[in-house]
There are 4 protein chains.
Amino acid sequence: MVNDGRDQPVEGRFDGAEHRFPVRVYFEDTDLSGVVYHANYLRFMERARSDMLRVAGIDQRAAMEAGEGAYAVARMNIRYLAPARLDDALLVASKLLKVHAAHVVVHQAVRRGEVILAEAEVVAAWVAPEGGPKRQPAEWTRRFKELMLGEPQA
Amino acid sequence: MVNDGRDQPVEGRFDGAEHRFPVRVYFEDTDLSGVVYHANYLRFMERARSDMLRVAGIDQRAAMEAGEGAYAVARMNIRYLAPARLDDALLVASKLLKVHAAHVVVHQAVRRGEVILAEAEVVAAWVAPEGGPKRQPAEWTRRFKELMLGEPQA
Amino acid sequence: MVNDGRDQPVEGRFDGAEHRFPVRVYFEDTDLSGVVYHANYLRFMERARSDMLRVAGIDQRAAMEAGEGAYAVARMNIRYLAPARLDDALLVASKLLKVHAAHVVVHQAVRRGEVILAEAEVVAAWVAPEGGPKRQPAEWTRRFKELMLGEPQA
Amino acid sequence: MVNDGRDQPVEGRFDGAEHRFPVRVYFEDTDLSGVVYHANYLRFMERARSDMLRVAGIDQRAAMEAGEGAYAVARMNIRYLAPARLDDALLVASKLLKVHAAHVVVHQAVRRGEVILAEAEVVAAWVAPEGGPKRQPAEWTRRFKELMLGEPQA
């Protein structure tokens, strides 16, 4: 098998200040009630936040491996509005609401077409390997402020 | 192998109005940051709510199989205060805050000893098989009100 | 937000008889040992099999909703050869090995570039809603035989 | 809340050479087909293997934190025989089949009463933090050989 560059995982993109990340619903995501299990929306949202960092040029894996720190969810307020089903093509739309020295606040909505299925405010804190809160790398904070202004190609 | 009744899954119990449900942290619950992945606290809390129903004598599987309805999380507000690690013995403490005709509000805290690791308010709505909100069985509503008053052995 | 068709989930494709499906590794997939948790390769492989059906024009959700049946894994033999890490771009390569009336055998390999991380033979049986084995729709069996011969555009 | 020692997670036990570990099925374990999702049996089996180590007096978390190594599944051959449903009380029965210097082979069966739902042979290899195979601690190998002979209280 030669990989000619076509077989790449999905990547989100910025449309102004909004990051958009597509998700497909698989068996693993559903439960016996026939729809997506509520905790799995948090997985979809985390994938979208990780993708948002990647697209913005921020390498969180390198920061973790260098022992600098990692993002941890500190708080989340989520509303479930309509169910998602097997095979549904969803979109996670994310926007930075606030950028502080040691944490950011993100609004995320999971949509199927024009219908909002779930939406949340997420507080993600930068945490030292030993567990305490810590200032994010200054360059990242600057980058986040650009993204809030809809300048993804900084 | 003869099962002599000893090998039973853990069951929670009521202490007054508080339901207590123990959870062990396994590999599946952690992520590469070394601690429990944030979405997995929602799994722990759902286990505790399901156990609370079982201990209270409510059979949600029978209700689902009879096509009556199922509980769906409508809203959740969760704070993450301290991390949990592999092998930790946790306790999920749950209390009914409000009982309405078509939904209940539950406060849940995940503790390790005296330390609160996460806490949440959860709105669980009773939903018809077609998806709309619906009154819970009257007997269940009555039962929940007893539980709120700390009368688990009604 | 207007969806202009760009924000779609990833879709695999056939290269001759081989179906290729890309997967990105997220936090949810790893455990505290720093690499992908072994059970999660089964999720990746199931996503690839579901995608293979979709790309081949087979609608398993419609068949489930019509009460016809569903695929269930009957047997799986998996070897783990090398670990996958956060952010890795993986490829699941799947090939039908055998097509029987009531089950198929699929070979699946999870690769990162040229390195095989895990590979498995999976027996997937078509099961009636009551649980017993059942012949797959005749059209599907015919379709699978074309796919084995590397004729995806039947 | 005072924890008086009653609210502990379930612990398995040895009956001769067989380790028995109870598991309850929750919503998170099922998928829309109404039964336990196939990959989740691997989670149940891993919980049982971790419990087996704990009951045998082996502290894998301490070994990981000391940088000695960790177990990784190298191979697994699993048969799915009958489905498990929400609320089912299951038992994972595990037996060591072989003990080698750098890996062990375990037979595991998931049962509901007398019915075997799934069974597997699992090869678990001891792996250095950098990823290569490594001899298990000599004391552990000795302990495993006692367990194979049905001498859990060594």
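Along every chain, residues carry numbers that run from 1 in the direction the sequence is written. Each chain takes a letter, starting from A, and each ligand takes a number, starting from 1, following the order in which they are written. The predicted origin of the model limits local features to residues at a pLDDT of at least 70 and limits the giving and counting of side-chain atom pairs to 80 or more, whereas totals for whole chains, interfaces and linings rest on all residues.

**Student:** Describe in detail the interface of chain B and chain C, supporting the description with residues and values.
**Tutor:** The interface is formed by 9 residues belonging to chain B together with 9 residues belonging to chain C. Within the side of chain B that touches chain C, the residues separate by chemical class into 5 nonpolar, 2 polar and 2 charged. The contact criterion used here is simple: two residues whose C-beta atoms, placed from the backbone, lie within 7 Å are in contact. Side-chain classes follow a simple rule in which Ala, Val, Leu, Ile, Met, Phe, Trp, Tyr, Cys and Pro form the nonpolar group, Asp, Glu, Lys and Arg form the charged group, and the remainder, Gly included, forms the polar group.

**Student:** Lay out the relation of the copies chain A and chain C in plain terms, naming residues and giving numbers.
**Tutor:** A residue counts toward the fit only if its pLDDT is at least 70 in both copies, and the copies are then superposed by least squares on the C-alpha atoms of those residues. Relative to chain C, chain A is turned by 180° and slid 0.0 Å along the rotation axis, the superposed coordinates differing by an RMSD of 0.0 Å. Accordingly, the operation relating the two chain copies is best matched by a two-fold axis. It is Val10 of chain A whose C-alpha, among those of chain A, lies nearest the rotation axis, at 2.5 Å. Mapped onto chain C, 100% of the interface residues of chain A again fall at the interface, so both copies present the same surface.

**Student:** Break down unusual backbone geometry for me, citing the residues and quoting the values.
**Tutor:** Among all residues except glycine, the phi angle is most often negative; among peptide bonds, the trans geometry is most common. Residues and elements named next belong to chain A. Unlike most non-glycine residues, Asp87 shows phi in positive territory, near 75°. The secondary structure listing takes helices from DSSP runs of H or I that are at least 4 residues long and strands from runs of E that are at least 2 residues long, numbered from the N terminus. Its location among the elements puts Asp87 in the loop between strand S3 (70–80) and strand S4 (89–99). As a rule, residues whose C-beta atom has 12 or fewer other C-beta atoms within 10 Å are exposed, those with 20 or more are buried, and those in between are partly exposed; C-beta atoms are placed from the backbone. Here Asp87 falls in the partly exposed class, since 18 other C-beta atoms lie within 10 Å of it.

**Student:** Can you explain the nonpolar core? Please cite residues and give values.
**Tutor:** In terms of nonpolar packing, the biggest core is built from 172 residues, with Val92 of chain A, Val92 of chain B, Val92 of chain C together with Val92 of chain D touching the most fellow members. Setting aside anything within four residues of it in sequence, one finds Val92 of chain C in contact with Phe21, Val23, Phe44, Met45, Ala48, Gln108 and Val110 of chain C. The term nonpolar core refers to a group of buried residues, namely Ala, Val, Leu, Ile, Met, Phe, Trp, Tyr and Cys, whose C-beta atoms join them within 7 Å.

**Student:** Quick one: what's the story with the relation of the copies chain B and chain C, residue by residue and with numbers?
**Tutor:** It takes a turn of 180° to lay chain B on chain C, together with a shift of 0.0 Å along the axis; the resulting RMSD is 0.0 Å. Most of the interface of chain B is mirrored in chain C, where 100% of its interface residues are also at the interface.

**Student:** Help me get a handle on helix H3 (residues 138–148) of chain C, residues and values and all.
**Tutor:** All names here are of chain C. All of the buried residues in H3 are Arg143, Phe144 and Leu147. All buried residues of H3 lie within an arc of 100° about the axis, which places them on one face of the element. With respect to the buried face of H3, the exposed residues turned more than 90 degrees away are Ala138 and Arg142. Buried positions along H3 lie against strand S4 (89–99) and strand S5 (103–112). An arc is given here, and it is the one of the directions from the helix axis to the C-beta atoms.

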